[in-house]
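Single-letter residue listing:
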Amino acid sequence: MTVHLEAADGVGVIRLDRPPMNALDVATQDRLREVAHEAARRDDVRAVVVWGGEKVFAAGADIKEMQAMGYEDMAVRARALQDSFTAVARIPKPVVAAVTGYALGGGCELALCADVRIAAENAKLGQPEILLGLIPGAGGTQRLARLVGPAKAKDLIFTGRMVTAEEALTIGLVDRVVPAEKVYEEAHAWAAKLAKGPALALRAAKEAVDSGLETDLETGLAVERGLFAGLFATQDREIGMRSFVEEGPGKAKFG
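An account of the accompanying structure is given in this report. Note that the coordinates shown come from a computational prediction; the quantities given were computed from them, not determined experimentally. Residue numbers restart at each chain and count upward from 1, following the sequence in its written direction. Confidence filtering applies because this is a predicted model: local features only for residues at pLDDT of at least 70, side-chain atom pairs given and counted only at 80 or more, and all residues used for totals across whole chains, interfaces and linings. With hydrogens and water stripped out, all remaining heavy atoms of the structure feed into the side-chain values.

## Remarks on the environment of Val 26
(1) Moving on: Only DSSP runs of H or I covering at least 4 residues are called helices, and only runs of E covering at least 2 are called strands; the numbering of each starts at the N terminus. You can see Val 26 is positioned in helix H1 (residues 26-41).
(2) Moving on: The spacing of Val 26 and Asp 62 is 36 residues in sequence and 8.2 Å in space, taken between C-alpha atoms.
(3) Moving on: What makes two residues a contact is simply this: any of their non-hydrogen atoms within 4.5 Å. Not counting the four nearest positions on each side in its chain, Val 26 is found in contact with Glu 65 and Arg 77.

What follows is the structure, given as structure tokens:
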């Protein structure tokens, strides 16, 4: 298998494993979708790390495979390609991408599907599809623009250039930069902390933010209102408020 899911202590690790560069061929895309759905439904997974290994996150699509595909092939395949990445973006739990080495093309698009991105100091990110006479096709034109703004997204997409971790941090493409040997540790610690949090409230928070970004303010507020009120029916809300009253803030232990 080119993508694995391992879980321990509430943290699920989605591990890309297609040496040497984790090229995202069709089989890997399909496996990624399966694993994302599994992470979404498993009760023992409360937060997720997406990890390509110590040397590389994912260097992009399998170009040799794509070269053999014509319009008819991609007209059929493009939806499945996007669906594989969207499955990661829609995992209803906190997701962090641990980015080492290259995150290019589909690799960058996969990182964009996470809620938070922690990158190695030597990481390189970019959307180089234009150099192939293409545009990003796994969500890059949409998620990148929403994350860093249209002008910065167009710069990266138009030129196909790679950015360093430092520049990626400056423009908001990644959220934290750490030494390469610390990337997985930092990402796992972030996920482990949230794995102990109120699962339904975290799910609602992610849904409210993501749904709100896709609509107007009034509709977004309505989404927030419904999710907020709904949490008053949960055990997590009871635990959190009881702990606050009896012990003070930040001491609740959620199941």
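There is more to say after this.
## Observations regarding the sheet that holds strand E5 (residues 102-104)
(1) Moving on: Strand order in the open sheet formed by three strands is E5-E7-E8, with mixed pairing between adjacent strands. Sheet topology places E5 and strand E8 (162-164) at the edges, where each strand pairs with a single neighbour. Sheet twist, expressed as the mean angle between neighbouring strand axes with direction ignored, is 20°. At least two DSSP bridges between two strands are required for those strands to pair. A fitted line through C-alpha atoms represents every axis, and for helices the fit uses only the stretch in contact; the resulting angles, taken between N-to-C directions, go from 0 to 180 degrees.

## Re the layout of surface pockets
(1) Moving on: Here the term cavity refers to a set of points on a 1 Å grid, laid over the protein atoms alone, in which a 1.4 Å probe fits but cannot get out; the term pocket refers to an open set having protein on both sides within 12 Å along at least five of seven lines, with lining residues being those that place an atom within 4 Å of a point. Grid points are joined across faces, edges and corners, and a volume is the space filled by probe spheres set on the points. In this structure, the largest pocket occupies an estimated 1,100 Å³ of space.
(2) Moving on: What lines the largest pocket is a set of 36 residues, among which Ala 89, Arg 90, Arg 143, Asp 210 and Glu 214 lie closest to the centre.
(3) Moving on: When residues of the lining of the largest pocket are traced back to their parent elements, those giving at least two are helix H3 (71-89), helix H5 (140-148), helix H8 (183-195) and helix H9 (199-213).
(4) Moving on: For the lining of the largest pocket, the element with the highest residue contribution is H9, accounting for eight residues.
(5) Moving on: For this scheme, ten residues count as nonpolar: Ala, Val, Leu, Ile, Met, Phe, Trp, Tyr, Cys and Pro. Four count as charged, namely Asp, Glu, Lys and Arg, and the remainder, Gly too, count as polar. When its residues are assigned to classes, the lining of the largest pocket shows 15 nonpolar, eight polar and 13 charged.
(6) Moving on: Put simply, the second largest pocket is a space of about 710 Å³.

## Quick notes on the sheet that holds strand E6 (residues 116-120)
(1) Moving on: Strand order in the open sheet made by the six strands is E1-E2-E3-E4-E6-E9, with mixed pairing throughout. In the strand order of this sheet, the two ends are held by strand E1 (3-8) and strand E9 (176-178), each with one partner. Mean inter-strand twist for the sheet, computed between neighbouring axes without regard to direction, equals 20°.
(2) Moving on: Looking at chain direction, strand E4 (residues 95-99) and E6 are connected through four bridges and run parallel. From the neighbouring strand, Ala 97 faces E6, where its bridge partner is Arg 117.
(3) Moving on: Packed on one face of the sheet, H1 meets E1, strand E2 (11-16) and strand E3 (47-51) and runs near 20° to E1.

## Observations regarding the packing of aromatic side chains
(1) Moving on: For this analysis, a ring pair means two rings from Phe, Tyr or Trp (six-membered ring only for Trp) whose centres lie within 6.5 Å, classed as stacked if their planes differ by under 30 degrees, edge-to-face if by over 60, and tilted for the remaining angles. Across all of its chains, the model carries two aromatic pairs by this definition.
(2) Moving on: An angle of 45° between the planes, with centres 4.9 Å apart, marks the rings of Trp 51 and Tyr 184 as tilted. In this pair, Trp 51 sits in strand E3 while Tyr 184 sits in helix H8, placing the two residues 133 residues apart along the sequence.

## Some remarks on H8
(1) Moving on: The terminal C-alpha atoms of H8, which comprises 13 residues, lie 18 Å apart, in line with the 18 Å expected from a rise of 1.5 Å per residue.
(2) Moving on: Categorising residues by exposure relies on relative accessible area from a 1.4 Å probe, with only protein chains included: less than 20% of the type maximum marks a residue as buried, more than 50% marks it as exposed, and the intermediate range marks it as partly exposed. Taken residue by residue, H8 has Val 183, Ala 187, Trp 190, Ala 191 and Ala 195 as its buried positions. Taken around the axis of H8, the buried residues stretch over an arc of 135°, which confines them to a single face.
(3) Moving on: Looking at the buried side of H8, the elements it contacts are E2, E3, E4, E6 and E9. To estimate the expected span of a helix, subtract one from its residue number and multiply by 1.5 Å. Directions drawn from the helix axis to the C-beta atoms are what define this arc.

## A look at a nonpolar patch on the surface
(1) Moving on: Only residues whose relative accessible area exceeds 30% and that form no salt bridge are eligible for patches; like-charged ones are grouped when within 9 Å, while nonpolar side chains (Val, Leu, Ile, Met, Phe, Trp, Tyr) are grouped when within 5 Å. Computed by Shrake-Rupley with a 1.4 Å probe, the accessible areas treat only the displayed protein chains as cover when residues are assessed. Throughout this description, the term salt bridge denotes a Lys or Arg side-chain nitrogen within 4 Å of a carboxyl oxygen of Asp or Glu. Taken together, the side chains of Met 21, Tyr 102 and Met 162 present a nonpolar region at the surface, about 260 Å² in accessible area.
(2) Moving on: Within the secondary structure, Met 162 sits in strand E8.
(3) Moving on: The class for Met 162 is partly exposed, based on a relative accessible area of 42%.

## Description of the nonpolar core
(1) Moving on: Of all hydrophobic cores here, the largest spans 61 residues; its most connected members are Ile 14, Val 49, Phe 57, Val 99, Leu 125 and Leu 173.
(2) Moving on: Aside from chain neighbours lying at most four places away, what touches Val 99 is Phe 57, Ala 111, Ile 118, Ala 119, Ala 120, Ala 123, Leu 125 and Val 183. To form a nonpolar core, buried Ala, Val, Leu, Ile, Met, Phe, Trp, Tyr and Cys residues must be joined to one another through side-chain atoms within 4.5 Å.

## Description of the side chain of Arg 31
(1) Moving on: As for its placement among the helices and strands, Arg 31 is situated in helix H1.
(2) Moving on: Judged by relative accessible area, which is 18%, Arg 31 ranks as buried.
(3) Moving on: Beyond its immediate chain neighbours, meaning those up to four positions away, Arg 31 contacts Met 1, Thr 2 and Val 3.

## Quick notes on the side chain of Lys 93
(1) Moving on: Its location among the elements puts Lys 93 in the loop between H3 and E4.
(2) Moving on: The buried charged residue Lys 93 lacks any salt bridge, with Asp 43 as its nearest oppositely charged partner at 5.9 Å.
(3) Moving on: Here a polar contact is recorded for every N or O atom pair within 3.5 Å, except that within protein the pair must consist of a potential hydrogen donor and a potential acceptor, and residues adjacent in sequence are included only if both atoms are side-chain atoms. A polar contact of 2.7 Å, which involves the side chain of Lys 93, links it to the backbone oxygen of Ala 39.
(4) Moving on: Beyond its immediate chain neighbours, meaning those up to four positions away, Lys 93 contacts Ala 39, Ala 40, Arg 41, Arg 42, Val 45, Arg 46, Ala 47, Asp 115 and Lys 206. None of His or the chain ends enter the tally, which takes Lys and Arg as positive and Asp and Glu as negative.

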